[in-house]
Amino acid sequence: MEYVERVLADLKAKNPNEPEFHQAATEILNGLKPVVAKHPEYEKAALLERFVEPERAVLFRVPWVDDNGTVHINKGYRVQFNSAIGPYKGGLRFHPSVNLSIIKFLGLEQILKNSLTGLPIGGGKGGSDFDPKGKSDNEIMRFCQSFMTELYRHIGQDTDVPAGDIGVGGREIGYLFGQYKRIRDEHVGVLTGRGLSYGGSLSRTEATGYGLVYMTEEALKCRGDSFKGKTVIVSGSGNVAIYATEKAQSLGAKVVAMYDSNGYVYDKNGIQIDVVKQIKEVERGRIKEYAARVKGAEYHEGCKGIWTIKCDIALPCATQNEIDKESAEILVKNGVKYVGEGANMPTTLEGIAVFQKAGVIFLPAKAANAGGVATSALEMAQSSGRLFWTFEEVDAKLKNIMINIYHNMDNAAKEYGCEGDYVAGANIAGFLKVAAAMMAQGIV
Ligand code: NDP
């Protein structure tokens, strides 16, 4: 059996019941076929087998007590996937769907994403099946303290530096950091996405959404086009979605729809992002509220319907597998020209095939949403140098990084004979650096 097929078959046999991990590995390894063909030494060094096996995976119990005195037990995870090019780096996700398969898919993706940024950061990911929705601030704090009481022994500013993801924003990072500092007696950059008063970086909150739009803008620019006058759909209404919407609108696009896990809002006049921020960031409410507050806006129960709205550009920014084959076909039929993935793996493998066959410019997550982790690495640099850059400085660096990533994946795709296939291009460009570091460091 050919090398990539053999590694994938072994991975599926050794890790049954991990569909998301299989999906991510299949996408990545298939994209690497031209690389392993050119580098037979990788097979001899079992490089792919090592690449898909985490260096370490920690699973732990997270006990906590709610406001009524009831004891709850959640599962905690940290997968330290690959440290060949730098300390493990990657977010923590708090969501009831979290399991080992989801954390491993995110961790594997993170290795290549972090490499693509050009910064010295390895790949990791973690989280819990804890659901922050409907919990009081005190409950969130007690959960975060319990989670960190175990996690602290596995992380460190030069070892593993977690950040936020779904369900982990500024509030949670604050509680996690407070507990780490209390246990270790160290005020160091062990988490990113920190508040500005205790070591955070300006522009980190905006970075993933803005970065996604900077890359999409570059893809448009290379084709003599721009965001001006374009109709855009952004799924989700969390951190990534809000700042993608804000930036796209500032460049002249009209974002007409957003959702949360209950349903979507459609506003033909263009989403008023300040209203969304008030509902989501201040009140922690539901997107349904938007339609009650903005004249002419409609609310529809369920998420899938959002992809039936006609648009030029789709920016999925909520979660994995939001766009399946059927939704991709409807988007194509309605004339979508660009898809930029803000969320991790929001398009199924079948959905990606539909877009690529139709000639849609498809910007894969590990490249398009790398702005968040890139800015986290800038936060780490500021922390260790005791520096504080202005918003404009960080934002300019972010924009530069996103433009570079776009051209690196574009060039890699051309060099390896798959021009325009950015899924392969991103996998190849990210992998080459990790592979070189792993080969140089021996069999470890
Ligand atoms: P948030 O928790 O801030 O927002 C997540 C949004 O997605 C919410 O609107 C949420 O709705 C919605 N959502 C979550 N799960 C589902 C679901 N199953 N169906 C429908 N909607 C859902 O997370 P972020 O914005 O930080 O993250 C969004 C995506 O971006 C994730 O895939 C994450 O991995 C990725 N990402 C985030 C980065 C960051 O810097 N934050 C960096 C790189 C990638 P509800 O509130 O109803 O749950």
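Coordinates for the structure precede this section.
Cut-offs applied
- Residues numbered from 1 in each chain as written.
- Predicted model: local features only at pLDDT ≥ 70, side-chain atom pairs only at ≥ 80, totals over all residues.
- Heavy atoms only, no water.
- Pairing = 2+ DSSP bridges.
- Helix = DSSP H or I, 4+ residues; strand = E, 2+ residues; numbered from the N terminus.
- Axes fitted to C-alpha atoms, helices over the stretch in contact; angles between N-to-C directions.
- Salt bridge = Lys/Arg side-chain N within 4 Å of Asp/Glu carboxyl O.
- Buried < 20%, exposed > 50% of the residue type's maximum accessible area, 1.4 Å probe, protein only.
- Near = heavy atom within 4 Å.
- Polar contact = N/O pair within 3.5 Å; in protein donor to acceptor, adjacent residues only side chain to side chain.
- Nonpolar A, V, L, I, M, F, W, Y, C, P; charged D, E, K, R; others polar.
- Domains from an automatic or database assignment.
- Expected span 1.5 Å × (residues − 1).
- Contact = heavy atoms within 4.5 Å.
- Patch = residues over 30% accessible without salt bridge, like charges linked within 9 Å, V, L, I, M, F, W, Y side chains within 5 Å.
- Areas by Shrake-Rupley, 256 points an atom, 1.4 Å probe, with all protein chains shown as cover.
- 1 Å grid on protein atoms, 1.4 Å probe; cavity = no way out; pocket = protein on both sides within 12 Å on 5 of 7 lines; lining within 4 Å.
- Points joined across faces, edges and corners; volume = space filled by probe spheres on them.
- Right-handed = clockwise from strand over helix to strand, strands pointing away.

1. Description of the sheet that holds strand β5 (residues 160-163)
- With respect to topology, five strands assemble into an open sheet ordered β1-β2-β4-β3-β5, the strand pairing being mixed. Both edges of this open sheet fall to β1 (56-65) and β5, since each of them pairs with a single strand only. Averaged over all pairs of adjacent strands, the angle between their axes in this sheet comes to 20 degrees, without regard to strand direction.
- In terms of strand pairing, β1 meets strand β2 (residues 71-82) through ten bridges, oriented antiparallel. Across the sheet, residue R56 finds its bridge partner in β2, namely Q80.

2. Thoughts on the pattern of salt bridges
- This model, assessed by the stated rule, comprises 25 salt bridges.
- We note a salt bridge from K104 to E18, for which the minimum N-O separation is 2.8 Å. In this pair, K104 sits in helix α6 (residues 100-116) while E18 sits in the loop between α1 (3-14) and α2 (19-31), placing the two residues 86 residues apart along the sequence.
- According to the relative accessible area criterion, K104 is buried, its value standing at 5%.
- The class of E18 is buried, set by a relative accessible area of 10%.

3. A look at the site of the ligand
- With respect to spatial proximity, 25 residues lie near the ligand, and among them D165, T208, S261, R286 and N344 are the closest.
- Contact between the ligand and R204: an oxygen atom at 3.1 Å from a side-chain N or O atom of the residue.
- With respect to the ligand, the backbone of G238 contributes an N or O atom lying 3.5 Å from an oxygen atom.
- Each residue belonging to the shell around the ligand can be placed in one class, and the counts come to seven nonpolar, twelve polar and six charged.
- Here the shell around the ligand gathers at least three residues from each of two domains, domain 1 (54-187) and domain 2 (207-368).

4. Quick look at helix α17 (residues 391-415)
- For α17, spanning 25 residues, the distance from its first C-alpha to its last is 36 Å, which sits close to the expected 36 Å at 1.5 Å a residue.
- Of all the residues in α17, the buried ones are V394, D395, L398, I401, M402, I405, Y406, M409, D410, A412 and A413.
- Along its buried surface, α17 packs onto α6, α9 (204-221), β12 (361-363), α15 (365-368), α16 (371-385) and α18 (422-440).
- Where α17 ends, the next residue or the one after it, G417, has phi of about 75 degrees, a positive value.

5. Digging into a nonpolar patch on the surface
- Together, V65, V71 and I73 give the surface a local cluster of nonpolar side chains, amounting to about 270 Å² of exposed area.
- Along the chain, V71 falls in strand β2.
- Look at V71 and you get exposed, because its relative accessible area is 57%.

6. A word on unusual backbone geometry
- The phi dihedral of D185 falls on the positive side, at around 60 degrees, and the residue is not glycine.
- For R386, which is not a glycine, the phi torsion comes out positive at approximately 50 degrees.
- Mapping R386 onto the fold places it in the loop between α16 and α17.

7. Considering the environment of V35
- Mapped onto the elements, V35 comes out in helix α3 (residues 33-38).
- Classification of V35 as buried rests on a relative accessible area of 0%.
- In the structure, V35 is positioned 101 residues away from S136 in sequence and 50 Å away in space, judged by C-alpha atoms.
- Look past the residues within four positions of V35 in its chain and what remains in contact with it is Y42, Y416, I428, F431 and L432.

8. A short note on empty space enclosed by the protein
- A full pass over the atoms with the stated rule returns one cavity of 30 Å³ or more.
- What the largest cavity holds in volume is close to 40 Å³.
- Lining the largest cavity are E27, E109, E341, M345, T347, I352, P364, A365 and K366.
- Looking at the lining of the largest cavity residue by residue, the classes come out as four nonpolar, one polar and four charged.

9. Concerning the pairing of strand β4 (residues 122-128)
- Taking burial as the measure, the seven residues of β4 include seven buried ones, the bulk of the element.
- What you see with β4 is no split at all: G122, G124, G126 and S128 on one side and G123, K125 and G127 on the other are buried throughout.
- Bridging between β2 and β4 involves six bridges; their strand directions are antiparallel. Its bridge partner lying in β4, R78 is registered against G126.
- Note that strand β3 (residues 88-94) and β4 share five bridges and pair parallel. Residue K89 lies in a different strand from β4, and its bridge partner there is G123.
- Taken together, β3, α6 and β4 form a β-α-β motif whose crossover is right-handed.

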